[in-house]
Amino acid sequence: MTRIVLVGTSHHHAPIELREQVALDRDDAQALAARLAAGGRETVCLSTCNRTELYLAADDAEQAEHDAVAALAALGPEVEPALYRLQDGAAAYHLFRVAAGLDSLVPGEGEILGQVRVAHELGTIGPLLDRVFRQALHAGGKVRAQTAIGQSPASVSSAAAALAEQVFGSLEGRSILLLGAGKVSEQAARNLRSRGAEITLVANSKTERERIDEELAAVDVVIASTNAPGLVLDASGVAEALRLRRGRGLVLVDLAVPRDLDPAIGELDGCYLYDIDDLEQIVVETLSGRRREAERAEAIVAVEAEKFHEWHASLDVVPAIASLRARAEEIRAAELLKAESLLGRLDESQRRAVEAVTAQIVNKLLHLPTVRMKQAAAAADGVLYAETVRHLFGLGEDER
Amino acid sequence: MAELLFWPALLLYGEAAVGYLGDVRRPGRAGRVATWGVRLGWLAQTALLAFQATRDDGFPWGTWASSLSLFVWLVVSAYLIWGCRRPYRLLGLVVMPLAFALLVAARVGGGTGNGSVSHYSNLFLVVHVGLVLAAFAGFTLAAALSGLYIWQERRLRTRPATILRRQMPALATLDSLALRTVAWSVPLLTLGAAVGLVRLVVRGERLDALIAVTVATWLVWCLYLGLRLLGGWTGRRAAYLALAGFALVVVVRLALPATHFA
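Residues numbered from 1 in each chain as written. Chains lettered and ligands numbered in written order. Predicted model: local features only at pLDDT ≥ 70, side-chain atom pairs only at ≥ 80, totals over all residues.

**Examining the overall build of chain A**
For chain A, the count of helices and strands is 14 helices and nine strands. Here the analysis covers contacts within chain A between residues at least 6 apart in sequence; of these, 73% occur between residues at least 24 apart. (Helix = DSSP H or I, 4+ residues; strand = E, 2+ residues; numbered from the N terminus. Contact = placed C-beta atoms within 7 Å.)

What follows is the structure in structure tokens.
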């Protein structure tokens, strides 16, 4: 039977210095998968900033594992001790958890599902890896649809964007004023832009005060992170701008320490002010929420992994079932031929009736053995049952 | 038959109210079960109204209690347009306990039983009672949306760490939905009330307290529309005005009907 082999490393096992040695872009990942697929093997290479994993489906699992380890060790000689090796059900279960975001640094992050999809598309795929990757994508999608694991923000920048969405709905076409341009404020602005908002002004110490006041009356979101020792915007200045806004809401995000925005701004009607502490507390809370949801997600993944295990195990008995059915069909056809010569010529409707009745008898007789063999396969007795059926019914003896 | 349809409707509305309460504590399954309660309860009440209409050879809204039952059905119908969407589940916490309580009140008043043939013509009932009740259902929903706006706005300003735990509609969405709902409801009330007033004048009958408060209600909602569309009112101020308008709807629906239906 074809086996599934997984060799890889991730943020759980290797620090960034090791992971970057084996990190591959799409083209390199595709090329590596194609190289390892030589000899009829199926191979998928999943490489992200947190993990590089090789999935292989091969008859010779030992050789496949050896080749995968060698391929990764060739990229980074020091990475070998940090490699994990899994096979069959364990490998599939791991992939399902990865696709569901349960193995990610931030539980439930959604990007990994797209990365698994791309790896699947770029891999050298056959029936087994195609099945396991499709089912993993299904499990990942189900987890995202049926749990709230991916709905809450996992960083200060995404929390700021989520809060702006709570005020405005879609951020498409909304405008942003950046006061200062620190790393965190850039991330927040990037997050808002990815949701359709636009930066209208990046103000620094040289920007004229009138220009900032003018923008304040027009923009929807203000992100502040300057190095100024005191307040950059006070409540009276914002109140002045609010008069020109005709009731439109204004979201202000203060990422600076010491703070750039007067806390009294939060008291003004239509102003929603968040500082770095507010955002960090929201992230801590949502991460704990994600961990709670992860329990439900684990249950979904376990069910999907069990379904895959049953399907994979049934492959042990599929040839025996096919032979048994072919043998039964052969006997049925032969007996019908004999009956036709004994009963004389049958008209078309009589022939169809006899065909249907005999086919039904065969199907009913074989139904229970088929089900039992599949059940036995899931319980690891499949090979024994398959051999017994072959022996009892003399399957394959003619070929010998 | 009416009994067989009333009790499932009432129990399912009650189940939905409890389910939405559970959804506040832990969003998820309780909210989904509650939403199904609303859907199935609405179907049962629809069947109840249809049965009453067949039995009475006309629409069952000729009395205060039966019109209250119809009002509940209209409110739940309007809620179902958005209520099935996850961010709007919290709206159910306002709407469903109200629907449950009003259906009980309608039952106590005899409006959900087999009923009797109304002495009003069907055309008058459809145009006057039907339109006024549809408008009131719209105002109820607009008030619920406004209440949700005020609650969510307060949370956004007080900045609790749990603010993003629950999926909620954006403030801008709630504000705009409330306005659209009122913009549909005011013309319905205008038409329905005008028909009633014409009939009053033609028959030479006198104004009663309910008619006076209905006119006041109409004025408040017209003011709401005017201030929003011409005065640039948005957000919290508009939401409070909607709640004031709804308070008058409650008075019209619950406190004064005896003077009118008698």
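After presenting the structure, the write-up continues.
**Looking at the confidence of the model for chain B**
Residues and elements named next belong to chain B. The pLDDT averaged across chain B works out to 85; a share of 90% of its residues lies at or above 70. Within chain B, helix H9 (residues 257–261) has the poorest average pLDDT of any element, 59, and helix H7 (residues 209–229) the best, 92. Interface confidence in the predicted complex, given as ipTM, is 0.79; pTM for the same model is 0.67. (pLDDT = per-residue confidence, 0-100.)

**Considering the environment of Val106(A)**
When you line up the elements, Val106(A) lands in the loop between helix H4 (88–99) and helix H5 (111–122). C-alpha separation for the pair Val106(A) and Ser155(A), spaced 49 residues apart in sequence, amounts to 9.4 Å.

**Quick notes on helix H4 (residues 89–108) of chain B**
All names here are of chain B. In this model, H4 (20 residues) spans 29 Å end to end at C-alpha, consistent with the 28 Å of a helix rising 1.5 Å per residue. At Val95, H4 shows its maximal bend, which comes to roughly 30 degrees, and the proline Pro97 appears one to four places after that position. Remark: Gly110 follows H4 within two positions and exhibits a positive phi of approximately 85 degrees. (Expected span 1.5 Å × (residues − 1). Bend = angle between axes of the 7 residues up to and from the residue.)

**A few points about the sheet that holds strand E3 (residues 51–58) of chain A**
Residue and element names in this part refer to chain A. Taken in spatial order, the four strands line up as E2-E3-E1-E4 in an open sheet, and their pairing is antiparallel. Every other strand in the sheet has two partners, leaving strand E2 (42–47) and strand E4 (84–87) as the edge strands with one partner each. Pairs of neighbouring strands in the sheet enclose a mean axial angle of 15 degrees, with direction left out of account. In terms of strand pairing, E2 meets E3 through six bridges, oriented antiparallel. Following the sheet pairing, Ser47 is matched in E3 by Thr52. Sitting on the sheet, H4 is in contact with strand E1 (3–10), E3 and E4, with an inclination near 50 degrees to E1. Each of E1, E2 and E3 is contacted by helix H6 (residues 127–146), which is oriented at about 35 degrees to E2, the strand it contacts most. (Pairing = 2+ DSSP bridges. Axes fitted to C-alpha atoms, helices over the stretch in contact; angles between N-to-C directions.)

**Let's talk about the interface of chain A and chain B**
The interface of chain A with chain B comprises 26 residues on the first partner and 20 residues on the second. Looking at the side of chain A that touches chain B element by element, the count peaks at seven residues for helix H11 (residues 276–314) of chain A. Looking at the side of chain A that touches chain B residue by residue, the classes come out as ten nonpolar, eleven polar and five charged. (Nonpolar A, V, L, I, M, F, W, Y, C, P; charged D, E, K, R; others polar.)

**A word on the sheet that holds strand E8 (residues 250–254) of chain A**
Residues and elements named next belong to chain A. Strand order in this open sheet of five strands is E6-E5-E7-E8-E9, and the pairing throughout is parallel. With one partner strand each, in any of the chains shown, strand E6 (198–203) and strand E9 (271–275) form the two edges of the open sheet. The mean angle between the axes of side-by-side strands here comes to 15 degrees, regardless of whether they run parallel or antiparallel. Bridge analysis of strand E5 (residues 175–179) against strand E7 (residues 221–224) gives four bridges, and the strand direction is parallel. Bridged to Leu178 within E7 is Ile223.

**What to know about the pairing of E6(A)**
Residue and element names in this part refer to chain A. Sheet topology note: the E5/E6 ladder contains five bridges and is parallel. From the neighbouring strand, Leu178 faces E6, where its bridge partner is Val202. Crossover connection from E5 via helix H8 (residues 183–194) to parallel E6: handedness right-handed. (Right-handed = clockwise from strand over helix to strand, strands pointing away.)

**Quick notes on the nonpolar core**
Counting 120 residues, the largest nonpolar core has Ile223(A) and Ala99(B) as its most contacted members. The biggest single contributor to this core is helix H5 (residues 122–158) of chain B, with 17 residues. Those residues in contact with Ile223(A) that lie beyond four places of it in its chain are Ile176(A), Leu178(A), Leu179(A), Ser185(A), Ala188(A), Ala189(A), Val253(A) and Leu255(A). If you look at the next biggest cluster of nonpolar residues, it comprises 52 residues, including Ala14(A), Ala91(A), Ala139(A) and Ile300(A). (Core = buried A, V, L, I, M, F, W, Y, C linked by C-beta atoms within 7 Å. Buried ≥ 20, exposed ≤ 12 C-beta atoms within 10 Å, placed from the backbone.)

**Thoughts on the packing of helix H3 (residues 64–83) of chain B against H4(B)**
Residues and elements named next belong to chain B. Look at H3 against H4: their axes get within 9 Å of each other, and the N-to-C directions meet at 160 degrees. Relative to H4, the element H3 is oriented roughly antiparallel. Relative to H4, the crossing made by H3 is left-handed. Residues Ala65, Leu68, Ser69, Phe71, Val72, Val75, Val76, Tyr79, Trp82 and Gly83 of H3 form the contact with H4, whose own contacting residues are Leu91, Gly92, Val95, Ala99, Leu102, Leu103, Ala105 and Ala106. When the residues that make up the contact of H3 with H4 are grouped by side-chain class, the tally is 15 nonpolar, three polar and no charged. (Parallel < 35°, antiparallel > 145°, perpendicular 65-115°, else oblique. Left-handed = near helix turned anticlockwise from the far one by under 90°.)

**Comments concerning unusual backbone geometry**
Of note, the amide linkage connecting Val257(A) to Pro258(A) takes the cis form, showing an omega dihedral of 0 degrees. Here Pro258(A) is to be found in the loop between E8 and E9. Positive phi outside glycine occurs at Asp88(A), with the angle close to 50 degrees. Among the residues examined, Asp88(A) registers 19 C-beta atoms within 10 Å and is labelled partly exposed. Unusually for a residue other than glycine, Arg159(B) sits at a positive phi of about 55 degrees. Looking at the secondary structure, you find Arg159(B) in the loop between H5 and helix H6 (171–203).

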